[in-house]
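Residue-level structural notes
Listed below are the residues making up each chain.
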Amino acid sequence: MTFGSIFSIIVGSIFINNVIFAKFLGCCPFVGVSKKIDASLGMGMAVTFVITLASGITWLVYHFLLAPFGLDYLQTIAFILIIAALVQFVEMAIAKTSPSLYKALGVFLPLITTNCAVLGVAIINIQEGFNFIETLVNGFSVAVGFSLALVLLAGIRERIEYSAIPAPFKGVPIAFISAGLLAMAFMGFSGMQI
Amino acid sequence: MEKNNYGKILFEGIFTGNPVFILLLGLCPTLGVTSSAINGMSMGLAVVAVLACSNALISAFKKLIPDQVRIPAFIMIIASLVTIVEMVMKAYTPDLYKVLGLFIPLIVVNCIVLGRAESFASKNGVFASLVDGVGTGLGFTLSLTVLGAIREVLGNGSIFNIKFAPAGFTPALIFILAPGAFLTIGCIIATLNYLKMKKSKEG
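These remarks concern the structure in this document. (Residues numbered from 1 in each chain as written. Chains lettered and ligands numbered in written order. Predicted model: local features only at pLDDT ≥ 70, side-chain atom pairs only at ≥ 80, totals over all residues. Heavy atoms only, no water.)

**Looking at the overall build of chain B**
Secondary structure summary: chain B contains 8 helices and 2 strands in total. Going residue by residue from the N terminus, the α and β elements of chain B occur as α-α-α-α-α-α-α-β-β-α. Taken over C-alpha atoms, the radius of gyration comes to 18 Å for chain B, in line with the 17 Å a tight globule of 203 residues would show. Taking the principal axes of its C-alpha atoms as reference, chain B extends roughly 65 × 50 × 25 Å. Considering chain B as a whole, with its 203 residues, one finds that 50% of them fall into the buried category. Contacts in chain B between residues far apart in sequence, at least 24 positions, make up 73% of those at least 6 positions apart. For chain B, the accessible area works out to roughly 9600 Å², and carbon and sulfur atoms hold 69% of it. Within chain B, one finds 15 positive and 9 negative side-chain charges whose respective centroids are separated by 3 Å. (Helix = DSSP H or I, 4+ residues; strand = E, 2+ residues; numbered from the N terminus. Rg over C-alpha atoms; globule rule 2.2 N^0.38 Å. Buried < 20%, exposed > 50% of the residue type's maximum accessible area, 1.4 Å probe, protein only. Contact = heavy atoms within 4.5 Å. Areas by Shrake-Rupley, 256 points an atom, 1.4 Å probe, with all protein chains shown as cover. Lys, Arg positive; Asp, Glu negative; His and termini not counted. Charge placed at Lys NZ, Arg CZ, Asp CG, Glu CD.)

**Details of helix 7 (residues 116-127) of chain A**
A rise of 1.5 Å per residue sets the reference length of helix 7 of chain A, with its 12 residues, at 16 Å; its end C-alpha atoms lie 16 Å apart and thus fit the reference within 8%. Taken across its 12 residues, helix 7 of chain A has 11 buried, putting it largely inside the fold. The complete set of buried residues in helix 7 of chain A reads C116, A117, V118, L119, G120, V121, A122, I123, I124, N125 and I126 of chain A. Its buried side turned inward, helix 7 of chain A meets helix 3 (37-66), helix 4 (75-97), helix 6 (109-112) and helix 8 (132-160) of chain A together with helix 2 (27-32) of chain B. (Expected span 1.5 Å × (residues − 1).)

**Quick notes on the pattern of salt bridges**
All names here are of chain B. For the structure on display, the rule yields 3 salt bridges over all chains. Across the salt bridge formed by R70 and D67, the nearest N and O atoms sit 3.8 Å from each other. For D67, a relative accessible area of 55% corresponds to the exposed category. In this structure, R70 engages E118 in a salt bridge whose closest nitrogen and oxygen atoms are separated by 2.7 Å. Of this pair, R70 sits in helix 4 (residues 70-92) while E118 sits in helix 6 (residues 111-121), and the two are 48 residues apart along the sequence. (Salt bridge = Lys/Arg side-chain N within 4 Å of Asp/Glu carboxyl O.)

**Regarding the packing of aromatic side chains**
All names here are of chain A. Under the definition given, this model contains 10 aromatic pairs over all chains. Both rings, one in W59 and one in F64, keep their centres 6.4 Å apart while their planes meet at 75 degrees; by these two values the pair is edge-to-face. For F64, a relative accessible area of 55% corresponds to the exposed category. Between the aromatic rings of W59 and F132, the centroid separation amounts to 5.3 Å while the plane-to-plane angle is 55 degrees, which identifies the pairing as tilted. Note that W59 is positioned in helix 3 and F132 in helix 8, a separation of 73 residues in sequence. Classification of W59 by relative accessible area gives buried; the value is 12%. Residue class for F132 comes out partly exposed when judged on its relative accessible area of 27%. (Phe/Tyr/Trp six-rings, centres within 6.5 Å; stacked < 30°, edge-to-face > 60°.)

**Comments concerning the packing of helix 1 (residues 3-16) of chain A against helix 8 of chain A**
All names here are of chain A. Between helix 1 and helix 8, the shortest axis-to-axis distance is 7 Å and the interhelical angle comes to 30 degrees. Taken together, helix 1 and helix 8 sit at an angle that is classed as roughly parallel. Crossing handedness for the pair helix 1 and helix 8: right-handed. Touching S5, I6, I9, I10, S13, I14 and F15 of helix 1 are I133, E134, V137, N138, S141, V142, V144, G145 and L148, all from helix 8. A class-by-class count of the residues in the contact of helix 1 with helix 8 yields 10 nonpolar, 5 polar and 1 charged. (Axes fitted to C-alpha atoms, helices over the stretch in contact; angles between N-to-C directions. Parallel < 35°, antiparallel > 145°, perpendicular 65-115°, else oblique. Left-handed = near helix turned anticlockwise from the far one by under 90°. Nonpolar A, V, L, I, M, F, W, Y, C, P; charged D, E, K, R; others polar.)

**Quick notes on a nonpolar patch on the surface**
Taken together, the side chains of M41, L45, L138, I159, F160, I162 and F164 of chain B define a hydrophobic patch exposed on the protein surface, amounting to about 590 Å² of accessible area. Among the residues examined, I159 of chain B registers a relative accessible area of 31% and is labelled partly exposed. (Patch = residues over 30% accessible without salt bridge, like charges linked within 9 Å, V, L, I, M, F, W, Y side chains within 5 Å.)

**Quick word on the interface of chain B and chain A**
On the chain A side, the residues contacting the 36 residues of chain B number 35 residues. Of the roughly 3100 Å² buried where chain B meets chain A, counting both sides, 88% is carbon and sulfur surface. Put simply, chain B and chain A have 0 salt bridges between them. For the side of chain B that touches chain A, the elements supplying multiple residues, two or more each, are helix 2, helix 4, helix 6 and helix 8 (178-202) of chain B. No other element matches the 13 residues that helix 8 of chain B contributes to the side of chain B that touches chain A. Class assignment for the residues of the side of chain B that touches chain A results in 29 nonpolar, 6 polar and 1 charged. (Buried area = accessible area lost by both parts, 1.4 Å probe.)

**Thoughts on unusual backbone geometry**
Although it is not a glycine, F24 of chain A sits at a positive phi angle of roughly 60 degrees. With respect to the element layout, F24 of chain A can be found in the loop between helix 1 and helix 2 (27-32).

**Details of the environment of L119 of chain A**
All names here are of chain A. Locating L119 in the fold gives a position in helix 7. The exposure class assigned to L119 is buried, which follows from its relative accessible area of 1%. Considered as a pair, L119 and I156 are 37 residues apart in the sequence and their alpha carbons are 28 Å apart.

**Looking at the environment of M43 of chain A**
Residue and element names in this part refer to chain A. Tracing the backbone through its elements, the reader meets M43 in helix 3. Distance from M43 to A104, taken between C-alpha atoms, is 8.9 Å for residues 61 residues apart in sequence. Sequence-distant contacts of M43, defined by excluding residues within four places in its chain, comprise P29, V33, F108, I112, N115 and L150.

**A word on helix 7 (residues 126-156) of chain B**
In this model helix 7 of chain B runs 43 Å from its N-terminal to its C-terminal C-alpha over 31 residues, within 8% of the 45 Å that 1.5 Å per residue would give. The positive-phi residue at the C-terminal boundary of helix 7 of chain B is G157 of chain B, with phi of around 70 degrees.

Here is the structure:
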């Protein structure tokens, strides 16, 4: 493991294989929570926190609990349970230790259990054969990519709110079209060689 | 829920309460696997299998599951079913399994499945829940197939893997790439909105 491989994971996960625009994970909150920039920032932070933690814990569980005993087939069940428990735990911990942070992130936390980006990243980490450090870095950068996409779309949607668009396109459809154009912009990164 | 209303439950799941285009649930697989009509349809059918079984099982066990832990219990049931579907697909349709890949285990976190469990199966009888699962699943399948077909026609000049476009036709590759998914679903929802507006104006 070198600095180069870490760097390529970071750039790859944030820009080239952006979790939303290239892999289509976490689309529900992407459309649902991207109406206001501050809400999407909160969601982004909550997701970053949970994905990084979940990546680490699922990696440990898989390599020290499931794989040695030949229980790989329990992967899906084990991971979703870990994520659900983790989200619950994080919610309680934040509520106890930092009420102000809880106020900012609280509403988003329960939504995260069903955010497929969390489970998706956990599975990808195992599939790619990352080691522990790479897993943490990948989880963190995927989440940063998610937050970036969310905030970008929220910025666009805040502006679109006040422009004259054809009535049938108001609301969700124009959000999808904007996301499509953003995805096109992100395709530009796919030519990058690291 | 009245009895013998299964036709209505089925219809509601497929059209008026279509999970994808009307309720906007389960968007990730919708956008992720619909690069062709076949892929969309097979993903949809996998969801039908999970949804019908999970609805029926949850409805059968609803009296045994304490209210406080019902969500984790539902997730456990769904995750077990998804694991079964995953293993079956790996064994019998390995090519398909490779294409759909990550999105098979991700059926667990598909909001449609948990949503139907919570809003329908935990309140209704076993058979009605089964019908609701099949209906909602078919609605999901229909949306994925339509989306996949449109993208395949525009992006590849074929439908269900059958080439029909004349030799001079250059397909717009963008439609089977990532941005095409967003553009197509945006246009479909806008069209549905337009039809709805027209209808409410007339009526």
